[in-house]
Amino acid sequence: MTFDRRLDRLMHFFALNNSRLAREIRIDPSLVSRWRNGSRLPSPRSGHLESLSRYFSSLVSEDIDPVLRRHLSLEGGVTLTEALMDWLQEGIDHQMPAEHPHRPEDRFRLASHVVTNIGEMISSPFQVPAPPPDPLDIPNLPPGDPVDCHLYRGRAGKRAATLRLLSLTLSSPSTRELFLTSEDDLLWMTEDPLFLPLWADLLRQVLEAGHRITIIHVVNRKMEEIISILRHWVPLHLTGKIRSFYYPKYSGRQIRNTTFILQGQAAVVSQMSTLWPEETEVTILYEDARATAAFEAIFRNRLTVCRPLLRVYQDEQTRQLYQDWLEAEKGTGTTFVLRSHLNSFYLPEDTVETLLNGQDPLTVQEQMQEFRQYRASFLKRLVTGPVHEFVPVTLLSAILSQGSYRHSFGLYRQGQSLELSGLPLIHFLETHAAALEKYPNYRLYLTDAASSPLNLPGVRVHYKEHLACAFSHPGDSNQPPLGILLSEANILQTLDNFFQDLADRTPLARREKASVVNTLRTLGNRLRQARGLARD
């Protein structure tokens with residue numbers, strides 16, 4: 001088992017999230033995230049393994065010690081801290097390539113070998129190799145394929161080559177695919193105020209003409225740039241003709257490559273660097289099928305190690321968003337949900353059937369079976385991992401003042417809602433309270449405007465720690481239901497920090513479980529009194 005999986009297992013055992021662990025051992029939360037997604041390993045000299053082992057050991061009481069040792073198959077006869085260090089080190093050894101050993105004796109052996117060989121080289125007299133008795137002839141090698149290309153200089157040249165490629169796409173007699181990737185910053189696009197609107201309009205025309213686009217995004221960017229990228233590309237994703245991926249490696253390269261390819265016809269390739277004068281930066285436009293095929297093969301090879309950056313769902317597709325979210329949620333870690341309504345799976349079944357009245361009986365039966373299936377899946381998650389839900393406290397105030405509640409179904413049934421009042425509403429509140437008491441992993445936070453910076457009516461956020469997040473809106477008279485599924489690590493880390501801070505900023509009386517249960521039961525009792533209803 002690799003280090004990332006072992007760390008996941010420990011954090012799941014202690015119900016820890018990235019931010020909490022990072023605070024306790026005094027490191028950046030992004031480092032924990034990279035340990036868990038396998039893109040980084042603790043350095044042997046950093047002391048991180050010892051810090052992790054000591055912290056996890058500090059959480060273990062005498063009665064839990066043997067339970068944890070059995071759970072992880074830890075060695076006996078040594079302290080728990082030592083056993084955890086050895087166990088985590090084994091994970092690093094499984095994950096580390098053989099040429100980079102982590103055990104001290106192996107590292108020393110390799111270092112000794114290197115030092116000895118270099119020492120032997122400089123302590124022995126060097127001899128210039130003697131020429132061969134017969135001069136060697138350079139073989140008669142065939143020339144490479146000649147290609148048709150055009151050279152552009154500077155950022156203005158890069159913009160000109162890009163516009164030429166889009167023009168070639170629009171003039172193509174058949175539909176093709178564009179392959180786009182760039183490591184460069186956005187300055188080449190934004191410094192000319194006329195270029196970005198023209199670029200966006202040409203992309204719109206390309207998509208309207210039936211062409212498709214596949215993008216590999218580079219994610220070692222500032223968060224503001226990532227948000228800018230999302231704002232630019234999400235509307236275009238609504239065409240259903242764009243696929244977005246990201247390369248899951250984080251490296252700051254001094255020479256940044258850009259490759260834009262029109263399938264089978266042309267390719268724009270550029271290299272730029274902040275270390276070079278702008279006039280030395282070059283972009284080459286190849287209008288040659290052979291060169292284009294070579295660059296396309298490189299792009300497709302890179303695509304095999306990329307991950308989806310985002311998927312956009314609209315109208316009826318939002319039902320698929322829920323299916324994809326359930327798949328993403330299967331991993332270990334805490335699930336966080338922020339929304340303006342209560343949990344649909346605590347609705348009484350007869351209330352759900354009321355919503356479906358008027359439909360074909362067979363359809364009603366199928367949808368009720370689906371509701372029971374999804375509810376069972378949710379309740380199972382409450383047993384296997386933490387689920388933290390955040391709803392505005394003003395929602396409960398509105399229920400009390402109005403005596404009724406307009407419930408929205410969220411991801412499960414986007415765009416559908418129903419009015420609750422009387423006993424169905426009271427049972428709904430009491431079922432929430434009972435679930436909080438029954439499931440130790442289940443938490444409900446009652447937030448207010450002061451504690452939550454998100455004040456967007458209808459917007460829901462589902463976040464599975466370090467795995468995926470889903471944003472959705474049920475739609476209204478101005479727009480259809482819309483959803484986005486994201487899995488990029490920078491965004492996930494930001495959401496991890498957001499939910500941890502949101503929990504900390506929620507007043508204790510609105511996040512402490514017994515207090516929240518009392519609030520829900522008190523609201524149910526006051527509704528009963530207002531309607532003159534006796535308890536069941």
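Everything below is about the structure shown above.
What this report covers is the structure whose coordinates are included nearby. Each chain carries its own residue numbering, running from 1 in the written order of its sequence. Local features in this predicted model are restricted to residues of pLDDT 70 or higher, and side-chain atom pairs are both shown and tallied only at a pLDDT of 80 or more, whereas totals for entire chains, interfaces and linings draw on every residue. With hydrogens and water excluded, all non-hydrogen atoms of the structure serve as input to the side-chain values.

### Thoughts on helix H8 (residues 154–171)
Secondary structure counts use DSSP, requiring at least four H or I residues in a row for a helix and at least two E residues in a row for a strand, with both numbered from the N terminus. Helix span, expected: 1.5 Å multiplied by one less than the number of residues in the helix. A rise of 1.5 Å per residue sets the reference length of H8, with its 18 residues, at 26 Å; its end C-alpha atoms lie 26 Å apart and thus fit the reference within 8%. Partly exposed residues are those whose accessible area sits between 20% and 50% of the maximum for their type, while under 20% is buried and over 50% is exposed, using a 1.4 Å probe and protein chains only. Three or more residues of H8 are buried, namely Gly154, Arg155, Gly157, Lys158, Arg159, Ala161, Thr162, Leu165, Leu166, Leu168 and Thr169.

### What about the pattern of salt bridges?
Counted as salt bridges are all cases of a side-chain nitrogen of Lys or Arg within 4 Å of a carboxyl oxygen of Asp or Glu. By the definition in use, this model includes 25 salt bridges. Asp8 is paired through a salt bridge with Arg36; the nearest N and O atoms lie 2.6 Å apart. Within this pair, whereas Asp8 is found in helix H1 (residues 3–13), its partner Arg36 is found in helix H3 (residues 29–37), the two being separated by 28 residues in sequence. Side by side, Asp8 and Arg36 carry an identical accessibility label, which is buried. Residue Arg290 is joined to Asp288 by a salt bridge in which the shortest nitrogen-to-oxygen separation is 3.6 Å. Taking the relative accessible area as the measure of exposure, Arg290 reaches 45% and is therefore partly exposed. Each of Arg155, Arg159, Glu191 and Asp192 takes part in a single network of salt bridges with overlapping partners.

### With respect to the packing of H8 against helix H10 (residues 195–208)
Across the interface, H8 lies against H10 with an axial gap of 10 Å and an inter-helix angle of 20°. Considering their axes alone, H8 and H10 lie roughly parallel with respect to each other. Where H8 crosses over H10, the two elements pack in a sense that is left-handed. Of the residues in H10, those in contact with Arg159, Thr162, Leu163, Leu166, Thr169 and Leu170 of H8 are Phe195, Leu198, Trp199, Leu202, Leu203, Gln205 and Val206. Looking at side-chain class alone, the contact of H8 with H10 contains nine nonpolar, three polar and one charged residues. Here an angle of 0 to 180 degrees is reported between the N-to-C directions of two axes, which are lines fitted to C-alpha atoms, with helices fitted over the stretch in contact. In these notes the angle categories are as follows: under 35 degrees is roughly parallel, over 145 is roughly antiparallel, 65 to 115 is roughly perpendicular, and the rest is oblique. Put simply, a crossing is left-handed when the front helix is turned counterclockwise from the back one by less than a right angle, and right-handed when it is turned clockwise. In this description, contact between two residues means that some pair of their heavy atoms is separated by no more than 4.5 Å. Three categories are distinguished: nonpolar for Ala, Val, Leu, Ile, Met, Phe, Trp, Tyr, Cys and Pro, charged for Asp, Glu, Lys and Arg, and polar for the others, with Gly belonging to the last.

### A look at the packing of helix H17 (residues 422–438) against helix H19 (residues 513–531)
In contact at an axis separation of 9 Å, H17 and H19 are set at 165° when each is read in the N-to-C sense. If you check the angle between H17 and H19, you find them roughly antiparallel. Of the two elements, H17 crosses H19, and the hand of that crossing is left-handed. Together, Gly422, Leu423, Leu425, Ile426, His427, Leu429, Glu430, His432, Ala433, Ala434, Leu436 and Glu437 of H17 and Lys513, Val516, Val517, Leu520, Arg521, Leu523, Gly524, Leu527, Arg528 and Arg531 of H19 make up the contact between the two elements.

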